[in-house]
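Now for the letters of each chain:
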Amino acid sequence: MIPFLDLQAINAAQRGELLAAFERVLDSGWYVLGQEVQAFEREYAAWCGAAHAVGVANGLEALSLVLRAWDIGAGDEVIVPSNTYIATWLAATHVGATPVPVEPEERSFNIDPARIEAAITPRTRALLPVHLYGRPAEMAPILEIARRHGLKVLEDGAQAHGATYRGQRLGALGDATAWSFYPGKNLGALGDGGAITTDDAALAERLRTLRNYGSQRKYHNEVIGFNSRLDELQAALLRVKLPQLQAGNVQRSAIAQQYLAGLAGLPGLVLPDAPLAAGCSSAWHLFVVRHAQRDRLAAALPAAGVGTVIHYPVAPHLQPAYAPLGRLAGSLPISERLHAEVLSLPIGPTQTAAQTQAVIDAVGCAVRALAESSSHAAQPA
Ligand SMILES: *Cc1c(COP(=O)(O)O)cnc(C)c1O
């Protein structure tokens, strides 16, 4: 059996160090906003090449706290990709703003910069590109459009720790980048966690206040704040895992190259092989293929011992939660087609080349069988 992601193996590889970090926090007697969070913030900011990092409770709140810090709220619009995890949209909704979807470039899965300006209105306040599946969004034109229209840029980096854009790690390209440390992300805690990186010192200060009841000094509340803190234990565990992140990404990239070579030329299978510009690299959070008969392909793989996941089966605008926006089926056709066709194959830092080859064999077998059965079906009776 090749699991989609073997979190147990990933964390077992650092068992001794993780236990030592747990004991350090246990024995410290200090569990929220202390030295571990401060140290992790310093280390993660440096790793990303950003001036500041602010630890928060999770990725969704990392996104929504930034929008709140910019006073984005009721009556405002935030431009989001039509195809993303729903958290990106929820961040806008949670501050009272309206998420305005823009369709992706089909080959890169990322927001299409050429479609952004048509979605800008006098109410637009921010662009919220997502580096989906670990691949960096095309930031140069996005930043240019934002500058021209006086808009903020908040990047959703939840799937892209360590991805690079034009020679630079993500984390300081836009005005702020939001991160998730959900256990399955490339940098994952053993529970929930999140952070914001930014070069803007005033924004970082405001976020530190907002995450902690609107207070910098205990029992003195300057603004209406939240309780959204990264805890000491998760920060200590993340400090153990951060030094392994680059090696994990290198392993993911090797798996992706093995897939791209091994799965090339299979009938009806579309690979994530859109070329990246010089100095750009994916964090390969997910390896996502497309097939017109995705559900039949997905159904064939468990029998061959291959675990897969669909990221994501239903587009945000077609979720019942977003029915009030009134965006009907057919209104965002590229995103809808992608949601019908995508399938994520196993990828992770502990996956071996032999396991990857077994996935290639199983997918090849299933895809050829689908091609045969549809060519038979196409023959006249
Ligand atoms: C995981 C994820 C989030 C949310 O992160 P949580 O820590 O689970 O709240 C946001 N955006 C994207 C693209 C994600 O993949």
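What counts as what
- Residues numbered from 1 in each chain as written.
- Predicted model: local features only at pLDDT ≥ 70, side-chain atom pairs only at ≥ 80, totals over all residues.
- Heavy atoms only, no water.
- Helix = DSSP H or I, 4+ residues; strand = E, 2+ residues; numbered from the N terminus.
- Rg over C-alpha atoms; globule rule 2.2 N^0.38 Å.
- Buried < 20%, exposed > 50% of the residue type's maximum accessible area, 1.4 Å probe, protein only.
- Contact = heavy atoms within 4.5 Å.
- Areas by Shrake-Rupley, 256 points an atom, 1.4 Å probe, with all protein chains shown as cover.
- Lys, Arg positive; Asp, Glu negative; His and termini not counted.
- Charge placed at Lys NZ, Arg CZ, Asp CG, Glu CD.
- Near = heavy atom within 4 Å.
- Polar contact = N/O pair within 3.5 Å; in protein donor to acceptor, adjacent residues only side chain to side chain.
- Axes fitted to C-alpha atoms, helices over the stretch in contact; angles between N-to-C directions.
- Parallel < 35°, antiparallel > 145°, perpendicular 65-115°, else oblique.
- Left-handed = near helix turned anticlockwise from the far one by under 90°.
- Nonpolar A, V, L, I, M, F, W, Y, C, P; charged D, E, K, R; others polar.
- Domains from an automatic or database assignment.
- Buried area = accessible area lost by both parts, 1.4 Å probe.
- Salt bridge = Lys/Arg side-chain N within 4 Å of Asp/Glu carboxyl O.
- Core = buried A, V, L, I, M, F, W, Y, C linked by side-chain atoms within 4.5 Å.
- Phe/Tyr/Trp six-rings, centres within 6.5 Å; stacked < 30°, edge-to-face > 60°.
- Lys NZ or Arg CZ within 6 Å of the ring centre and 35° of its normal.

Visitor: I keep staring at the overall build of the chain and nothing clicks. Help me out?
Guide: Helices and strands together make up the secondary structure of the chain, namely twelve helices and 14 strands. Taking 21 Å as the expected radius of gyration for a compact globule of 381 residues, we find that the chain reaches 21 Å, a close match to that expectation. Counting only C-alpha atoms, the chain reaches 80 × 55 × 40 Å along its principal axes. Looking at the chain residue by residue over its 381 residues, the buried ones come to 54%. Partitioning the intrachain contacts of the chain with sequence separation of at least 6 by distance along the chain shows that 70% fall at a separation of at least 24. Element-wise, carbon and sulfur atoms account for 56% of the exposed surface of the chain, whose accessible area totals about 16200 Å². Distance from the positive charge centre (30 side chains) to the negative charge centre (34 side chains) of the chain: 1 Å.

Visitor: Can you walk me through the site of the ligand in this structure?
Guide: Residues in contact with the ligand, as listed here, are Asn58, Gly59, Leu60, Tyr85, Ala87, Thr88, Val130, Asp156, Ala158, Gln159, Ser180 and Lys185. A distance of 2.9 Å separates an oxygen atom of the ligand from a polar atom in the backbone of Leu60. Here the ligand, which alone exposes 380 Å², has 91% of that area covered by the protein. Of all elements in the fold, only α4 (59-69) and α5 (87-94) reach the threshold of two or more residues within the shell around the ligand.

Visitor: I keep staring at the packing of α4 against helix α7 (residues 201-210) and nothing clicks. Help me out?
Guide: Each pair of packed helices can be summarised by the angle the axes make with each other and by the distance between the axes. Closest axis-to-axis distance for the α4/α7 pair is 10 Å, and the angle between their directions is 115°. With respect to α7, the axis of α4 lies roughly perpendicular. For the element pair α4 and α7, the recorded crossing hand is right-handed. Between α4 and α7, the contacting residues are Leu65, Val66, Arg68 and Ala69 on the first element and Leu203, Arg206, Leu207 and Leu210 on the second. Of the residues that constitute the contact of α4 with α7, the class distribution is six nonpolar, no polar and two charged.

Visitor: What is the right way to look at the domain arrangement of the chain in this model?
Guide: Where interface size is given, it is often the accessible area lost as the parts come together that is meant. Split into domains, the chain comes out as domain 1 (7-243) and domain 2 (245-378). Here the C-alpha centre of domain 2 lies 25 Å away from the C-alpha centre of domain 1. Between domain 1 and domain 2, the contact holds 43 residues from the first and 38 residues from the second. Interface of domain 1 and domain 2: buried area, both sides summed, is about 3400 Å²; carbon and sulfur atoms make up 60% of it. The largest per-residue losses of area from domain 1 upon contact with domain 2 belong to Glu106, Tyr133 and Asn186, which jointly make up 21% of the total buried on that side. Arg107 serves as the salt-bridge partner of Asp273, at 3.2 Å between the closest nitrogen and oxygen. The interface formed by domain 1 and domain 2 holds 28 residue pairs in polar contact (both at pLDDT 80 or more) in total. Sorting elements by how many residues they give to the side of domain 1 that touches domain 2 places strand β3 (residues 98-102) first, with four residues. Each residue belonging to the side of domain 1 that touches domain 2 can be placed in one class, and the counts come to 20 nonpolar, 14 polar and nine charged.

Visitor: Teacher, can you tell me more about the nonpolar core here?
Guide: The tendency in soluble globular proteins is for nonpolar side chains to be buried as a group. Counting 37 residues, the largest nonpolar core has Phe40, Tyr44, Ile79, Ile116 and Phe181 as the members making the most contacts within it. Every element with two or more residues in this core is listed here: α3 (35-48), β3, α6 (139-149) and α8 (232-241). With five residues, the top contributor of residues to this core is α3. In terms of domain composition, this core takes at least three residues from each of domain 1 (7-243) and domain 2 (245-378). Apart from residues lying up to four places away in sequence, Ile79 is in contact with Val100, Val102, Ile111, Ile116, Ala119, Ile120, Thr124, Ala126, Leu127 and Leu128. In terms of nonpolar packing, the next biggest core, distinct from the first, is built from 29 residues, Leu65, Ala69, Ala92 and Tyr322 among them.

Visitor: Quick question: what am I supposed to make of the packing of aromatic side chains here?
Guide: How two aromatic rings sit relative to each other is set out by the distance from centre to centre and by the angle between their planes. For the structure shown, the criterion picks out ten aromatic pairs. Every member of this aromatic cluster is reached through a ring pair, and the members are Phe40, Tyr44, Trp47, Trp179 and Phe181. Here Arg169 stacks its cationic end above the ring of Trp47, 3.6 Å away from the centre of that ring.

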